[in-house]
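Notes for the structure review
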Amino acid sequence: MAGLEHYLILSGIIFSIGLVGALTKRNIITILMSVELMFNAVNIAFIAMTRFVTPTLLTGHIFVLFIITVAAGNLALGLAIVIAIFRNRESVDITTAASMKG
Amino acid sequence: MPEFASWLIFLLPLLSFVLIVGLRPFVGAEWRGAGVITIVSILAAFALALTALAATIGNDAHDLGYRPHDWLTIGPLVIRVGLVMDSLTAVMVVVVTGVSLLVQIYSTEYMRGDKGYVRYFAYMSLFTASMLGLVMASNLVFLYMFWELVGLSSYLLIGFWGQGKAAEEHPRAGDAAKKAFIVTRLGDVGFLAAIVWAYVATGTLEIAEIHAMVAAGAFAGVGVTWLALGIFAGAVGKSGQFPLHVWLPDAMEGPTPVSALIHAATMVAAGVFLVARLFPIFEASEGAMTTVAWIGGGTAIFAASMALVSNDIKRVLAYSTISQLGYMMLALGMGAVGPAIFHLVVHAFFKALLFMGAGSVHHTAHTYDMRFMGGLRRPMPWTFATMLVAGVALIGVFPLSGFWSKDSVLHAASINGLIGGAEALYWIAVLAAGLTGFYVFRMLFMTFAGEYRGGAEAEATAESGAAAGPPPRRRLHESPWIMVAPLAVLAVPVLFAGLADLPWDLFGFGAFAMTGFLTGHVETFSTSVAAVSSAAGALGIVVAYSMYVQGLLSPSVLGQRLRPLHTLLVNRYYLDHLYEGVVVRHVLIRVLGLTAEVIEGQFIERAVNGVALIGRNVGRIPVAMQNGQVQAYGAMISIGIVLILAGFWIWG
């Protein structure tokens, strides 16, 4: 039987994979996908906590629904920026987009 | 006399200075009005000064008793400004304004056509204002302020010809000004330290309060001696006493009326005045009195000996001034304030006259070198007559003013056994009186007797080394009346000022009226002292006559015979060499300069560069971090969060 800690460990692993991907990948599309992984890791943690800690309340579920909605909006915005960058630079390599450095 | 009128005495010349400086942009550099403004303001100050003197004489306490005003209040420290108008100040303001007035009148002619005419009168007004403030100040800070202002205006006036086109004719003026400023500043350091010490020791800066504490014995012992010696250091610098006398002969580079006013009559007397003003402090310390007397007596003979061989008429007078100031210090050291100030006053008259006479001679001969003068008695009868009167008074011949003042000084030296070596000092002073007789008449004979020796043209020929042809004859003439008139006016007090301090009551205002007025102490007179000093002076005159008129004893032969002594005197005891060659060049430049250079290069510079280097290298780290890669920023944030959480987990 899977307990709370198993869900949280799974959530941590996915979050870490997402974080590492977001920080190390050069392709913006991959980075966006990694960010989605981190969202969903958080979602798993929310659902698990709700299920095991406060089973009578719906706070966690509501939060997760909001996150899914916002993440969708996020992704749409992110992809629009990616397209804009690609049109400008003919590339989706994020290391080239460093014109603001000091 | 209301206090406001006393303030006006020094505010009027100050106003003249401000007015001239303010008008300077709107008038030409040779605007004659500057002289008029100065003369009018000083004339008014002179009138007020005479009123003040009359009021002080009429006052039973001889002190108009003004209260000081609060000026600055900083916590418990209250700095006050105030005037004192007692007998000493009243006499000084009359002398300063009187001599200054005549010098200004003389200057309008002497400085005519000078490119710095307006500037000259601005400085002269500033000087007169500072000097008057100095003699009237009632507390040490106020006094010190004017003391330094006097030094500043002296610097400006010595170096008056030290810039622009005039500097080509007077190449040493700038250096002389710097020398005067720096050398007197050495003494001023002592004075400033004494002021600080006075405040620490007594808690007040009011001169009268310090005097009261010393008189009551509340402030005594070695502290008073140090206070007196510090003050005396300032006096030594300003009054050109040994060993800080070296600036005064060089100060002759300034315009001659400046020498007459500042370096003969007033500023150099400020040191004597200072000691007299703070006399109760000196009186409380036998060590300080002995120092003052010996420095004064030593300077009197030391400077007189250098006057014997100088060929520059102004330098002879400068050494004579130093010597006479030595007499005044000697009298002060002997406790005789009255005779010292009496001699100061009389000396101011005849020495100012002698300097203005030298300027008048220069007006015709265009040189100050007496070797190229001679025979000026006939073309310049007025200058000759007045200078003769002043010279005879300087020697102290009966019955001129100098006789009474010098003999009151010598008499004080002969009776006062309070300090060590008083007997020796008396004979030193008598010997100096003999030397005075010689150098004054040497100067008068070389200038006025015999044949004219060509003036500036002959000097130029001699300097270029060309064959000495017959000098081109220029028409020698008496100076314009506006230059001669001040000489004649000054001759009056030179002749008759002695009447103010006769040993007998001839005019119904008492014997020793002036010294009595100054100190409340009645002097005595000794015929034998007067006879001895007169004999010494007469002997000096006879020797000068036999050498420079009769030719019984050739000066050059005598110089050959006494070659070591002559060389020593001509080189001014090598003191200038010592100061410039050894002290400045070696001690200051080599030792201090090199030490400073090492400290600067090895420590200070390294420390400064090190701090800068640390900043630069530390700065490189955030520069490298800010690389524009958002992912790197994200990584840092993530790592930071992890570290913070780990910290909470471990320590929280």
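Residues numbered from 1 in each chain as written. Chains lettered and ligands numbered in written order. Predicted model: local features only at pLDDT ≥ 70, side-chain atom pairs only at ≥ 80, totals over all residues. Heavy atoms only, no water.

1. What to know about the environment of Ala432 of chain B
Residues and elements named next belong to chain B. Test applied: Working definition: helices are DSSP H or I runs of at least four residues, strands are E runs of at least two. Numbering for both runs from the N terminus. Only protein chains enter the area calculation, which uses a 1.4 Å probe; residues under 20% of their type maximum are buried, those over 50% are exposed, and those in between are partly exposed. Any two residues whose heavy atoms approach within 4.5 Å are treated as being in contact.
In this structure, Ala432 sits in helix 19 (residues 422-448). Given the relative accessible area of 0%, Ala432 is considered buried. With 135 residues separating them along the chain, Ala432 and Gly297 place their C-alpha atoms 8.9 Å apart. In this structure, Ala432 is in contact with Ala300, Ile301, Ala304 and Tyr327, ignoring residues within four places of it in sequence.

2. With respect to the pattern of salt bridges
All names here are of chain B. Counted only if it meets this: The term salt bridge refers to a pairing of a side-chain nitrogen on Lys or Arg with a carboxyl oxygen on Asp or Glu at a separation within 4 Å.
Going through the model one piece at a time under the given rule, you end up with 14 salt bridges over all chains. For Arg112, the salt bridge goes to Glu109, with nearest N and O atoms at 3.3 Å. For Lys238, the salt bridge identified is with Asp188, shortest N-O distance 3.8 Å. One end of the pair, Lys238, is in helix 9 (residues 222-238); the other, Asp188, is in helix 7 (residues 173-202), and 50 residues separate them in sequence. Of the two residues, Lys238 and Asp188, both sit in the buried class.

3. Some points on the interface of chain A and chain B
Under the convention used in this document: The term buried area denotes the loss of accessible surface (1.4 Å probe radius) that occurs when two parts are joined, taken as the sum for both partners. Polar contacts, as used here, are pairs of N or O atoms within 3.5 Å; protein pairs need one atom able to donate a hydrogen and one able to accept it. Residues neighboring in sequence count only if both atoms are side-chain atoms.
The interface of chain A with chain B comprises twelve residues on the first partner and eight residues on the second. Counting the surface lost from both chain A and chain B, the interface buries some 720 Å², and carbon and sulfur atoms represent 52% of this. Along the contact surface separating chain A from chain B lie zero salt bridges. Applying the counting criterion to the chain A and chain B interface returns two residue pairs in polar contact (both at pLDDT 80 or more).

4. Some remarks on the packing of aromatic side chains
Residues and elements named next belong to chain B. Heads up, the condition is: When two rings of Phe, Tyr or Trp (its six-membered ring) have centres within 6.5 Å they constitute a pair, described as stacked for plane angles under 30 degrees, edge-to-face for angles over 60, and tilted for the intermediate range.
If you walk through the whole model with that rule in mind, you get 25 aromatic pairs over all chains. Ring geometry for Phe142 and Phe146: centres 5.0 Å apart, planes at 70°, overall edge-to-face. With Phe142 and Phe146 both in helix 5 (residues 140-158) and four residues apart, this pair spans about one turn of that helix. The same class applies to Phe142 and to Phe146, which are both buried. Ring geometry for Phe384 and Phe448: centres 5.1 Å apart, planes at 65°, overall edge-to-face. Pair noted here: Phe384 is in helix 17 (residues 381-395) and Phe448 is in helix 19, with a separation of 64 residues, a long-range link. Looking at Phe448, the relative accessible area reads 2%, which means it is buried. One aromatic cluster in this structure is built from Tyr117, Tyr120, Phe121, Tyr123, Phe160 and Trp161.

5. Here's the deal with helix 1 (residues 3-23) of chain B
Residue and element names in this part refer to chain B. Basically, it comes down to this: One less than the residue count of a helix, multiplied by 1.5 Å, gives the span that helix is expected to have. Note on bend: the value at a residue is the angle between axes fitted to the seven residues ending there and to the seven starting there.
If you check helix 1, its first and last C-alpha atoms are 30 Å apart, about what 21 residues at 1.5 Å a residue would give, namely 30 Å. The sharpest bend along helix 1 reaches about 40° and sits at Ile9, with the proline Pro13 one to four residues further on. Of the positions making up helix 1, those classed as buried are Glu3, Ala5, Ser6, Trp7, Ile9, Phe10, Leu12, Pro13, Ser16 and Ile20.

6. What to know about the pairing of strand 2 (residues 77-81) of chain B
Look at any regular strand and the pattern is simple: side chains alternate between the two faces of the sheet. Heads up, the condition is: At least two DSSP bridges between two strands are required for those strands to pair.
Taken together, the five bridges between strand 1 (residues 69-74) of chain B and strand 2 of chain B define a ladder with antiparallel strand orientation. Across the sheet, the residue bridging to His69 of chain B is Val81 of chain B, located in strand 2 of chain B.

7. Re the pairing of strand 1 of chain B
The buried fraction of strand 1 of chain B amounts to zero of the six residues, a small share that puts the element mostly on the outside. Counting the residues in the hairpin turn of strand 1 of chain B and strand 2 of chain B gives two residues, including Gly75 of chain B, whose phi is positive at 60°.

8. Quick look at the nonpolar core
All names here are of chain B. Basically, it comes down to this: Here, nonpolar core means buried Ala, Val, Leu, Ile, Met, Phe, Trp, Tyr and Cys residues that are tied together by side-chain atoms lying within 4.5 Å of each other.
Ranked by internal contacts, the top residues of the largest apolar core, which has 201 residues, are Ile9, Ile231, Ile281, Phe282, Leu332 and Met443. For this core, the element with the most residues is helix 16 (residues 337-365), which contributes 18 residues. Beyond its immediate sequence surroundings of up to four residues, Ile9 is in contact with Met1, Ala45, Leu48, Ala49, Ala52, Met85, Val93, Leu132 and Met136.

9. Re the confidence of the model for chain B
What counts is decided by this rule: Known as pLDDT, the predictor's confidence for each residue is given on a scale from 0 to 100.
Summary statistics for chain B give a mean pLDDT of 86 and a share of 98% for residues scoring 70 or more. Among the prediction metrics, the complex's ipTM stands at 0.80, with pTM recorded as 0.78.

10. Observations concerning helix 21 (residues 481-496) of chain B
Residue and element names in this part refer to chain B. Basically, it comes down to this: As used here, the arc belongs to the directions running from the helix axis to the C-beta atoms.
For helix 21, which comprises 16 residues, the first-to-last C-alpha distance of 23 Å matches the rise-based estimate of 22 Å (1.5 Å per residue) to within 8%. Among all positions in helix 21, only Met483, Val484, Pro486, Leu487, Leu490, Ala491 and Val494 are buried. Along the axis of helix 21, the buried positions cluster into a sector of 155°, meaning they face one direction only.

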